[in-house]
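Residue-level structure breakdown
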Amino acid sequence: MLSEREDELGARLKEFEGRAAAVAGVGKDPVNAPMIRHWCEAMGDTNPAYTGPDAIAPPTMLQAWTMAGLSGQAGPPGGTEAFGELLALLDAAGCTSVVATDCEQEYVRPLRPGDIVTFDAVIESVSDRKTTKLGTGYFVTTRTDVRVGTELAGTHRFRILKYAPTPRMSRKGRKEGPSSHRRPRPRPVVNRDNAGFWEGVERGRLLIQRCTGCGTLRHPWLPGCNACGCLEWDTVESSGEGTVFSYVVMHHPPFPAFDPPYAVVLVELAEGVRMVSNVVGVAYDKVRIGMPVEAEFRRYGTDAGAGDESPFVLPVFRAREGS
Ligand SMILES: [Zn+2]
């Protein structure tokens, strides 16, 4: 049940719907080949549409052209005070935490090097008060319309949850402090694009997607081929053999399910694709680039106190002897 005060806050928040979050913003840089190249390299996107004299920008870069960068601390170019006021109101009501929940984009016209991007953003909606696993708060959705001249290039909807965090409760209803037992390993996020991979892992098989158009192997799983655009694919089973292509040693920030320091590795499988995982059977400070490793499958979520969710399997890599 809502208290009168919460109801009053809800009504004040609703008044922000339709107010501008940015007016006549101008992209910091025109659409340009170097930013496109960096994006494609970071994403591993080799689609030929993004290079050459007729290159277009990857559609998913839409937001990148509107961002203020580190020097734009006062908010986005063209930003209004309304959005800041809305956030301040939520902060004052105890909704001091924020998490970006999702983003939806629509593409209307391709962006090309030389295009100068302008944009307007509006606070499209503020939800009713919602209680989530993270806490209780409000979803705030902004919609940015990106234009070149008078032409709409695309829209970008961005949703955040501003919430008052709930203290974590154990199964016995006791508040968990820093000294409580380690929390269970996070489960993989399984979606319709990668479900086949995780089904394979459950059966102890490492499946790599293969484009049936051009034969290119890919990992992580995606709906289409970055090399030829083909949407048809099958799978090949990896031998599980590979080498450490790169690694980092995690010290900070701490995650409740992990004991730092530990190594996170990028394994290059013998078939050529790379996969983020952990190495087992070797101390974190003995992991080296080029170290030969072999996949194995570990079941998690079966320890006492690990929670009541069903167990699941994750692929890890064992350092091969003599490395
Ligand atoms: Zn292909």
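Everything here concerns the structure above.
I will try to describe carefully the structure that is included in this document.

All right, on to the overall build of the protein chain then. Looking only at helices and strands, the protein chain has 4 helices and 15 strands in total. Within the protein chain, buried positions represent 34% of all 323 residues. Considering only intrachain contacts with a sequence separation of at least 6, the fraction spanning at least 24 residues in the protein chain is 65%. Total accessible area on the protein chain is roughly 18,900 Å²; 54% of this is exposed by carbon and sulfur atoms.

For the rest of this paragraph, the subject is the pairing of strand 12 (residues 274-277). Burial of strand 12 is one-sided: the residues Met-275 and Ser-277 facing one way are buried, the residues Arg-274 and Val-276 facing the other way are not. Direction of pairing for strand 11 (residues 262-269) relative to strand 12: antiparallel, over a ladder of 4 bridges. Bridge assignment links Glu-268 to a residue of strand 12, and that residue is Arg-274. The hairpin turn running from strand 11 into strand 12, its antiparallel successor, is 4 residues long, and Gly-272 in that turn takes a positive phi close to 115°.

Once that is clear, we can look at the side chain of Asp-145. Following the sequence through the fold, Asp-145 ends up in strand 5 (residues 135-148). Engagement of the side chain of Asp-145 in a polar contact is seen with the side chain of Arg-143, the distance being 3.0 Å. Asp-145 has contacts with Thr-118, Phe-119, Asp-120, Leu-152, Gly-154 and Thr-155, leaving out every residue within four places of it along the chain.

Before going further, it helps to examine the environment of Ala-64. For Ala-64, the position within the fold is in the loop between helix 2 (33-43) and helix 3 (81-92). C-alpha of Ala-64 to C-alpha of Ile-36: the two residues are 28 residues apart in sequence and 9.9 Å apart in space. For Ala-64, the residues in contact, after removing those within four places along its chain, are Met-35 and Trp-39.

Across all of its chains, the model carries 5 aromatic pairs by this definition. When the ring of Trp-221 is compared with that of Trp-233, the centres are 5.2 Å apart and the planes differ by 65°; the resulting orientation is edge-to-face. In this pair, Trp-221 sits in the loop between strand 8 (217-218) and strand 9 (233-237) while Trp-233 sits in strand 9, placing the two residues 12 residues apart along the sequence. Trp-233 gets classed as partly exposed once you look at its relative accessible area, which sits at 36%.

Another point: the coordination of the zinc ion. Protein coordination of the zinc ion is provided by Cys-211 (SG), Cys-214 (SG), Cys-225 (SG) and Cys-228 (SG), with donor distances spanning 2.3 to 2.4 Å. All donors to the zinc ion come from one chain, and their sequence spacing reads C-x2-C-x10-C-x2-C. Of this pair, Cys-211 sits in strand 7 (residues 207-211) while Cys-228 sits in the loop between strand 8 and strand 9, and the two are 17 residues apart along the sequence. Residue Cys-211 is classed as buried on the basis of its relative accessible area, which comes to 2%.

Cut-off values and rules
Residues numbered from 1 in each chain as written. Predicted model: local features only at pLDDT ≥ 70, side-chain atom pairs only at ≥ 80, totals over all residues. Heavy atoms only, no water. Helix = DSSP H or I, 4+ residues; strand = E, 2+ residues; numbered from the N terminus. Buried < 20%, exposed > 50% of the residue type's maximum accessible area, 1.4 Å probe, protein only. Contact = heavy atoms within 4.5 Å. Areas by Shrake-Rupley, 256 points an atom, 1.4 Å probe, with all protein chains shown as cover. Pairing = 2+ DSSP bridges. Polar contact = N/O pair within 3.5 Å; in protein donor to acceptor, adjacent residues only side chain to side chain. Phe/Tyr/Trp six-rings, centres within 6.5 Å; stacked < 30°, edge-to-face > 60°. Donors = N, O, S within 2.8 Å, 3.2 Å for Na, K, Ca; no water.

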